[in-house]
Amino acid sequence: MYRLLTIVLMLLSGFSVAGDLTIQISSVSCIGVDEHARYKYRVGFIVQNTGKKELTIISKSNRISSLDSEVPELVFGHGEMKADGILIIPPRDELGLVILHPDDGAQIFDIYKSKKPLPEKVIVGYQGTGINNGRYGNWEGLIKSPPTKVTTTKLCNP
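This report concerns the structure included in the present document. (Residues numbered from 1 in each chain as written. Predicted model: local features only at pLDDT ≥ 70, side-chain atom pairs only at ≥ 80, totals over all residues. Heavy atoms only, no water.)

## Remarks on the overall build of the chain
Note the cut-off: Secondary structure elements follow DSSP: runs of H or I no shorter than four residues count as helices, runs of E no shorter than two count as strands, and numbering proceeds from the N terminus. Three exposure classes are used, based on accessible area relative to the maximum for each residue type with a 1.4 Å probe and protein chains only: buried under 20%, partly exposed in between, and exposed over 50%. Contacts are assigned to residue pairs with any non-hydrogen atoms lying within 4.5 Å of each other. Methods summary: accessible areas were calculated by the Shrake-Rupley approach with a probe of 1.4 Å, and residue burial reflects only the protein chains presented.
On a plain count of helices and strands, the chain comes out with two helices and 12 strands. Reading the helices (α) and strands (β) of the chain from amino to carboxyl end gives α-β-β-β-β-β-β-β-α-β-β-β-β-β. Every one of the 158 residues in the chain was classed for burial, and the buried ones make up 38%. When contacts within the chain are restricted to residue pairs at least 6 apart in sequence, long-range pairs at least 24 apart make up 75% of them. About 9,700 Å² of surface is accessible on the chain, with carbon and sulfur atoms providing 56% of the total.

See the structure below:
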């Protein structure tokens with residue numbers, strides 16, 4: 001119950017500040033199939049600070065979640081790591097922390113792998129979470145792109 005309440009509160013708090021950060025450009029391209037027969041997609045997007053204050057974001061993701069809906073969603077984010085209950089604090093450069101002044105943007109790229117090919121369009125999302133006891137002061141919330149056309153190369157044909 002506590003975990004569900006935490007998730008709901010996190011999502012609600014994200015929507016209240018999402019106006020400060022937007023996804024301006026997104027692209028999704030199939031770049032091949034790996035040795036495990038999974039489709040590899042290069043996903044890139046630009047987040048822009050549309051607010052009036054400086055924001056810190058995490059530009060390196062270590063977590064990609066997918067939601068299968070009418071237009072599938074790929075949400076990129078970064079989570080905490082623990083070992084035997086001990087919170088492991090990563091170096092700042094491992095997170096790719098970027099300070100965005102108003103109107104600044106940052107590029108985020110990652111590889112998404114899937115057993116099934118993606119449909120013609122997907123929604124790309126970025127989720128900032130309060131990791132590592134909030135010590136980096138990064139932006140928290142969830143933003144999504146409009147549906148983005150998926151580009152497929154010859155390397156992805158079955």
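## What about a nonpolar patch on the surface?
Rules: What goes into a patch is any residue over 30% in relative accessible area without a salt bridge, connected to like charges within 9 Å or, for nonpolar side chains (Val, Leu, Ile, Met, Phe, Trp, Tyr), within 5 Å. Here a salt bridge means any side-chain nitrogen of Lys or Arg lying within 4 Å of a carboxyl oxygen belonging to Asp or Glu.
Together, Met81, Ile86 and Ile88 make up an exposed nonpolar region whose accessible area comes to about 290 Å². When you line up the elements, Ile86 lands in strand 7 (residues 86-88). Looking at Ile86, the relative accessible area reads 54%, which means it is exposed.

## Points about the packing of aromatic side chains
Let me state the cut-off plainly: Classification of ring pairs uses Phe, Tyr and Trp, with its six-membered ring standing for Trp, and accepts pairs whose centres are within 6.5 Å; under 30 degrees between planes counts as stacked, over 60 as edge-to-face, and the remaining range as tilted.
On inspection of all chains with the given rule, the structure shows three aromatic pairs. Arranged with centres 6.0 Å apart and planes meeting at 25°, the rings of Tyr126 and Trp139 form a pair that is stacked. Of this pair, Tyr126 sits in strand 10 (residues 121-128) while Trp139 sits in the loop between strand 10 and strand 11 (141-144), and the two are 13 residues apart along the sequence.

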